[in-house]
Amino acid sequence: DKKMNIAIDGPAGAGKSTVAKLVAEQLEFLYIDTGAMYRTLTLAALREEISLEDEDVLTELLSRTTIHLEHEKKGVRVFLNSEDVTEEIRTNHITANVSQVSSHEGVRIEMVERQRKLAEKGQAVLDGRDIGTYVLPDAKVKVFLTASVEERARRRYEEQVEKGMSVNLEKLKQEIAHRDQLDSTRTFAPLRKADDAVEIDSTTLTIPDVAKAIIELAKERA
Ligand code: C5P
């Protein structure tokens, strides 16, 4: 079915993006990283020293900001206007501020419009927080991917150690829990499992296993 879209939502660090990338690759679907879009706006706002609490100014900033996801063999590159910001949007400074930026209704309405446009042809895998509940309520496959906060922090820790960063596991755990708290308590389109989403707890599963389960679901529903 050409109209099939796959929504993958869940808390921070559950493996959504890695799983989404794998699923998209294997099904030859388009992978749309919606978190990268909110991160890119956060970077633009921090650079312009805009107050992250000012909804109107942030919404205006977004209206004159191009966010482009470019798909390459090696993965997805993210562009702010025409600058490659793929690495910069993953820094701790962005991670610490992105929930504040993405809490504003005006920001979300514009982002969601862009996301729906990217997915309108179908055959897309989107990962985020509100894909199944708000962006694509009719998505054929909806997954809510979770893992214990300890496991999610442990995975982030290993990722960052591998990149040569100095990290503190307990601090990572607190940051993840704090971001989940902000994302699930905002008033507009909070992080929530859609009623018709299939919940997958990845605490004891490998990434390929999770991807396989999602591909099975997609095949059943095609
Ligand atoms: O997925 P990622 O961790 O990169 O998302 C960064 C942040 O962007 C989330 O913590 C959340 O605040 C915001 N986000 C969102 N809605 C989405 C995707 C991400 O609010 N669909």
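Residues numbered from 1 in each chain as written. Predicted model: local features only at pLDDT ≥ 70, side-chain atom pairs only at ≥ 80, totals over all residues. Heavy atoms only, no water.

- With an unreviewed UniProt entry as reference, the protein is termed Cytidylate kinase, source organism Halalkalibacter wakoensis JCM 9140.
- What UniProt records for the protein under Subcellular location (unreviewed entry) is the sentence "Cytoplasm". (UniProt positions renumbered as here; feature names shortened; annotations may be inferred.)

## As for the packing of aromatic side chains
Link 1 in the chain: A complete count under the given rule lists one aromatic pair for this structure.
Link 2 in the chain: Relative to Phe188, the ring of Tyr134 lies with its centre 5.3 Å away and its plane at 75°, an arrangement referred to as edge-to-face. One end of the pair, Tyr134, is in helix H6 (residues 131-135); the other, Phe188, is in the loop between helix H8 (169-185) and strand S8 (198-201), with 54 residues separating them in the sequence.
Link 3 in the chain: Using a relative accessible area of 27% as the deciding quantity, one classes Tyr134 as partly exposed.
Link 4 in the chain: With relative accessibility at 17%, the residue Phe188 sits in the buried group.
Link 5 in the chain: Over the aromatic face of Tyr134 sits the side chain of Arg116, whose NZ or CZ is 5.3 Å from the ring centroid. (Phe/Tyr/Trp six-rings, centres within 6.5 Å; stacked < 30°, edge-to-face > 60°. Helix = DSSP H or I, 4+ residues; strand = E, 2+ residues; numbered from the N terminus. Buried < 20%, exposed > 50% of the residue type's maximum accessible area, 1.4 Å probe, protein only. Lys NZ or Arg CZ within 6 Å of the ring centre and 35° of its normal.)

## Description of the environment of Leu145
Link 1 in the chain: The residue Leu145 is located in strand S7 (residues 141-146) in this model.
Link 2 in the chain: With 134 residues separating them in the primary sequence, Leu145 and Pro11 have C-alpha atoms 7.5 Å apart.
Link 3 in the chain: What Leu145 contacts, discounting residues up to four positions off in sequence, is Ile8, Asp9, Gly10, Pro11, Ala14, Gly15, Lys16, Val19, Ile200, Ser202 and Val210. (Contact = heavy atoms within 4.5 Å.)

## Remarks on the pattern of salt bridges
Link 1 in the chain: For the coordinates displayed, the defined rule picks out 18 salt bridges.
Link 2 in the chain: In this structure, Glu83 and Arg47 form a salt bridge, with 2.8 Å as the shortest nitrogen-oxygen distance. Of this pair, Glu83 sits in strand S5 (residues 83-84) while Arg47 sits in helix H2 (residues 34-47), and the two are 36 residues apart along the sequence.
Link 3 in the chain: Residue classification places Arg47 among the partly exposed positions, given a relative accessible area of 39%.
Link 4 in the chain: For Glu151, the salt bridge identified is with Arg154, shortest N-O distance 3.0 Å. Note that Glu151 and Arg154 are positioned in helix H7 (residues 149-162) at a spacing of three residues, about one turn of the helix.
Link 5 in the chain: If you follow the salt bridges from partner to partner, you end up with Glu151, Arg154, Arg155 and Glu158 in one network. (Salt bridge = Lys/Arg side-chain N within 4 Å of Asp/Glu carboxyl O.)

## Here's the deal with the UniProt feature "domain: Cytidylate kinase" (unreviewed entry) in the protein
Link 1 in the chain: Listed under "domain: Cytidylate kinase" (unreviewed entry) in the UniProt record, and renumbered for this structure, are residues 6-219.
Link 2 in the chain: Counting secondary structure, residues 6-219 comes out at 51% helix and 17% strand; the distance between its end C-alpha atoms is 11 Å.

## So, the UniProt feature "binding site: ATP" (unreviewed entry) in the protein
Link 1 in the chain: When the UniProt feature table is mapped onto this chain, "binding site: ATP" (unreviewed entry) is found at Gly10, Pro11, Ala12, Gly13, Ala14, Gly15, Lys16, Ser17 and Thr18.
Link 2 in the chain: Its relative accessible area of 1% is what places Ala12 among the buried residues.
Link 3 in the chain: For Ala12, the contacting residues outside a window of four places in its chain are Arg129, Arg152, Ile176, Arg179 and Asp180.
Link 4 in the chain: One can find Ala14 in the loop between strand S1 (5-9) and helix H1 (16-27).
Link 5 in the chain: If we skip the residues at most four places from it in the chain, Ala14 touches Leu145, Thr146, Ala147, Arg152, Arg155 and Ser202.

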